[in-house]
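The residues making up each chain are set out below.
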Amino acid sequence: MRAVVFNGPFDVKVVTKPTPRIREPTDAILKASSTALCGSDLRYYRGHQKATPGFVCGHETVEHIVALGDSVKNHQIGDHVVVPFSTSCGGCFYCNQGESSRCLKAALLGCITPTFSLDGGQAECLLVTNVTSSLVKALSMIAEDLLVLMAGVFPTGYFAASRFLKNLPEKQQEDTVAVVLGCGPVGICAIASALHFTNNKAKVFAVDSIPERLEAAKKLGAIPINLLDNPIEKIKEASSGRGADVVMEVVGHVDALAPSAKFLVWECTMNRSASQALLSTRKM
Ligand SMILES: [Zn+2]
Ligand SMILES: [Zn+2]
């Protein structure tokens, strides 16, 4: 099969590799339907993050099942499935809490470290383990180009927003000031989710330095602020001086974490909201 392999910064190649085979009765072999790039792929490609060369890239992928291990009963050959960026066992402490992305036996797809990782989805075929609890059947009502966002991009933004904005009482929905720092694809999904969870009542600020991204955020109903245009003052004004109630740091880099806390902490004290921001970031 052909696959996109990472050889080092700015060096990926399409190579021919052996097609993967079932190794365990809980495995599946999948055939690519759609795959997408993610900011995480760009980080190691650009050399911003160290990565061990030799793996197949990609963890945003939609596939068809072409072979199944004997113990898999909830999927069929031919099923169209979304593959989350990490597998989950379905039985550990975190899986039982519904936090499958923290699974103690997770394997990451197309990952920078060889331990606990599987080759990624930018290949004609893909081996996935623990498929009973890992694969998600695709809904036919969702177009393929949107479906590929369901692997990692949309859920990352959705769950960041849901952690603090889901099921808020109506009054609290109106009073909430939320900030999304970073308006790339995940940030846009976080904004859409934040507005969804608050019935478009919360003030959702979108902070970025790229005008096109701010425009996309505005179209969804967020209040755009250029990063260079004093966002701290604007958010402080919008929240009667208290700061944002929730900050979602969606840049995905540790350097963005400290600035995100500044939207919340006005007098050098770590308030409740700052803790929420840090928790929200960790959750993602
Ligand atoms: Zn991703
Ligand atoms: Zn687990």
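Just above sits the structure.
Residues numbered from 1 in each chain as written. Chains lettered and ligands numbered in written order. Predicted model: local features only at pLDDT ≥ 70, side-chain atom pairs only at ≥ 80, totals over all residues. Heavy atoms only, no water.

A. Quick look at the coordination of the zinc ion (ligand 1). Looking at the zinc ion (ligand 1), one finds its protein donor set to be Cys38 (SG), His59 (NE2) and Glu60 (OE), positioned 2.0 to 2.2 Å from the metal centre. Read N to C, the donor residues that coordinate the zinc ion (ligand 1) are spaced as C-x20-H-E. Of this pair, cysteine 38 sits in the loop between strand S3 (28–36) and helix H1 (39–45) while glutamate 60 sits in strand S4 (residues 60–68), and the two are 22 residues apart along the sequence. Take cysteine 38: its relative accessible area is 14%, and that puts it in the buried class. (Donors = N, O, S within 2.8 Å, 3.2 Å for Na, K, Ca; no water. Helix = DSSP H or I, 4+ residues; strand = E, 2+ residues; numbered from the N terminus. Buried < 20%, exposed > 50% of the residue type's maximum accessible area, 1.4 Å probe, protein only.)

B. Summary view of the side chain of glutamate 60. No salt bridge is formed by the buried glutamate 60; the nearest opposite charge belongs to arginine 43, separated by 9.3 Å. Separated by 3.2 Å, the side chains of glutamate 60 and histidine 59 make a polar contact. Within the structure, the side chain of glutamate 60 is placed 3.0 Å from the backbone nitrogen of glycine 152, a separation counted as a polar contact. Residue contacts for glutamate 60: discarding those within four places in its chain leaves Ser34, Thr35, Ala36, Leu37, Cys38, Val148, Ala151, Gly152 and Val153. (Lys, Arg positive; Asp, Glu negative; His and termini not counted. Salt bridge = Lys/Arg side-chain N within 4 Å of Asp/Glu carboxyl O. Polar contact = N/O pair within 3.5 Å; in protein donor to acceptor, adjacent residues only side chain to side chain. Contact = heavy atoms within 4.5 Å.)

C. Region of the structure containing the coordination of the zinc ion (ligand 2). On the protein side, the zinc ion (ligand 2) has Cys89 (SG), Cys92 (SG), Cys95 (SG) and Cys103 (SG) as donor atoms, found 2.3 to 2.4 Å from it. Of note is the zinc ion (ligand 2), whose four donor atoms meet at the metal with angles of 102 to 116° in an arrangement that counts as tetrahedral. (Tetrahedral: all angles 85-135°; square planar, octahedral: opposite > 155°, others 65-115°.)

D. Representation of the pairing of strand S13 (residues 246–249). Burial of the side chains of S13 extends over both faces: Val246 and Met248 are buried on one face and Val247 and Glu249 on the other. Pairing between strand S10 (residues 177–181) and S13: four bridges, direction parallel. Paired with leucine 181 across the bridge in S13 is glutamate 249. (Pairing = 2+ DSSP bridges.)

E. Expanded view of unusual backbone geometry. Even without being glycine, phenylalanine 10 reaches a positive phi, approximately 60°. With respect to the secondary-structure elements, phenylalanine 10 resides in the loop between strand S1 (2–8) and strand S2 (11–16). You can call phenylalanine 10 exposed: its relative accessible area is 55%. Even without glycine at this site, asparagine 200 takes up a positive phi of about 60°. Assignment of secondary structure puts asparagine 200 in the loop between helix H7 (185–197) and strand S11 (203–208).

F. Examining the pattern of salt bridges more closely. Summed over the entire model, instances satisfying the criterion amount to 10 salt bridges. In this structure, lysine 137 engages aspartate 79 in a salt bridge whose closest nitrogen and oxygen atoms are separated by 3.7 Å. Placement of lysine 137 in strand S9 (residues 136–137) and of aspartate 79 in the loop between S4 and strand S5 (80–83) is noted, with a sequence separation of 58 residues between them. Residue aspartate 79 is classed as buried on the basis of its relative accessible area, which comes to 14%. A salt bridge links aspartate 229 to lysine 234, with the shortest nitrogen-to-oxygen separation between them at 2.8 Å. Judged by its relative accessible area of 33%, lysine 234 is partly exposed.

G. Fine view of the packing of aromatic side chains. A full pass over the atoms with the stated rule returns eight aromatic pairs. Each ring, one from phenylalanine 10 and one from tyrosine 45, has its centre 5.3 Å from the other, and the planes form 65°; the classification is edge-to-face. Placement of phenylalanine 10 in the loop between S1 and S2 and of tyrosine 45 in helix H1 is noted, with a sequence separation of 35 residues between them. Measuring from centroid to centroid gives 5.1 Å for tyrosine 158 and phenylalanine 159, while their planes differ by 85°, and the two rings are edge-to-face. Tyrosine 158 sits in the partly exposed class, given a relative accessible area of 23%. (Phe/Tyr/Trp six-rings, centres within 6.5 Å; stacked < 30°, edge-to-face > 60°.)

Interpretation in functional terms is not warranted from these geometric data alone.
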